[in-house]
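Residue-level structural notes
The primary structure of each chain is shown beneath.
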Amino acid sequence: MSIYVGNLSYDVTQEDLNGVFAEYGSVKRVQLPTDRETGRVRGFAFVEMGAEAEETAAIEALDGAEWMGRDLRVNKAKPREDRGSFGGGNRGNNSFSRRY
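Residues numbered from 1 in each chain as written. Predicted model: local features only at pLDDT ≥ 70, side-chain atom pairs only at ≥ 80, totals over all residues. Heavy atoms only, no water.

Residues I3, V5, L8, L17, F21 and V74 are the most contacted members of the largest nonpolar core, which totals 18 residues. Elements that contribute at least two residues to this core include exactly β1 (3-6), α1 (14-22), β3 (44-49) and α2 (52-62). Setting aside chain neighbours within four positions, we find I3 in contact with F21, A45, F46, V47, M49, E55, A58, I59, V74, N75 and A77. (Core = buried A, V, L, I, M, F, W, Y, C linked by side-chain atoms within 4.5 Å. Buried < 20%, exposed > 50% of the residue type's maximum accessible area, 1.4 Å probe, protein only. Helix = DSSP H or I, 4+ residues; strand = E, 2+ residues; numbered from the N terminus. Contact = heavy atoms within 4.5 Å.)

Structure representation (structure tokens):
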């Protein structure tokens, strides 16, 4: 399972996150998404820890805590929703006419 960390400072680094979460157990991986165009941190991250008990301890301790001038939002990450395709298709406009 993964932990979602939101409302992060745009100055945060993977090392910063690793250091904070390491206080609650072993950190397996930190993902810090960046904007494609600007390369700037997007303000959220995902952290994977070694055991579920470690994740639970980190969530309970850090959710709502102030860090780097921001109140963190920390919870279990939810699976990504399928947004479907961006292709055409019927958009609910049934105003076509038929001629016989």
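Below, the discussion takes up the environment of V30. Tracing the chain through its elements places V30 in strand β2 (residues 27-31). Accessibility expressed as a relative area gives 14% for V30, which makes it buried. For the pair V30 and E48, spaced 18 residues apart in sequence, the C-alpha to C-alpha distance is 6.5 Å.

All right, on to the packing of aromatic side chains then. For the structure shown, the criterion picks out three aromatic pairs. With 5.8 Å between their ring centres and 80 degrees between their planes, F44 and F46 make a pair best called edge-to-face. A relative accessible area of 25% means that F46 is categorised as partly exposed. An aromatic cluster of three or more residues is present, and its members are Y4, F44 and F46. It is R40 that lies over the ring of Y10; its NZ or CZ is 4.0 Å from the centre. (Phe/Tyr/Trp six-rings, centres within 6.5 Å; stacked < 30°, edge-to-face > 60°. Lys NZ or Arg CZ within 6 Å of the ring centre and 35° of its normal.)

With that settled, the discussion passes to the sheet that holds β2. As summarised here, the arrangement of the four strands in space is β2-β3-β1-β6, forming an open sheet in which the pairing is antiparallel. Edge positions in the sheet fall to β2 and β6 (73-76), since each of these pairs with one other strand and no more. This sheet shows a mean twist of 20 degrees between the axes of neighbouring strands, independent of strand direction. In the sheet, β2 pairs with β3 via four bridges, with the strands oriented antiparallel. Directly across from R29, in β3, lies its bridge partner E48. Of the strands in this sheet, β1, β2, β3 and β6 are in contact with α1, which crosses β2 at around 145 degrees. (Pairing = 2+ DSSP bridges. Axes fitted to C-alpha atoms, helices over the stretch in contact; angles between N-to-C directions.)

Our focus in this paragraph is unusual backbone geometry. Non-glycine residue N7 carries a positive phi angle of around 60 degrees. According to the relative accessible area criterion, N7 is partly exposed, its value standing at 32%. Non-glycine residue M68 carries a positive phi angle of around 55 degrees. Position of M68 among the secondary structure elements: in the loop between β4 (66-67) and β5 (70-71).

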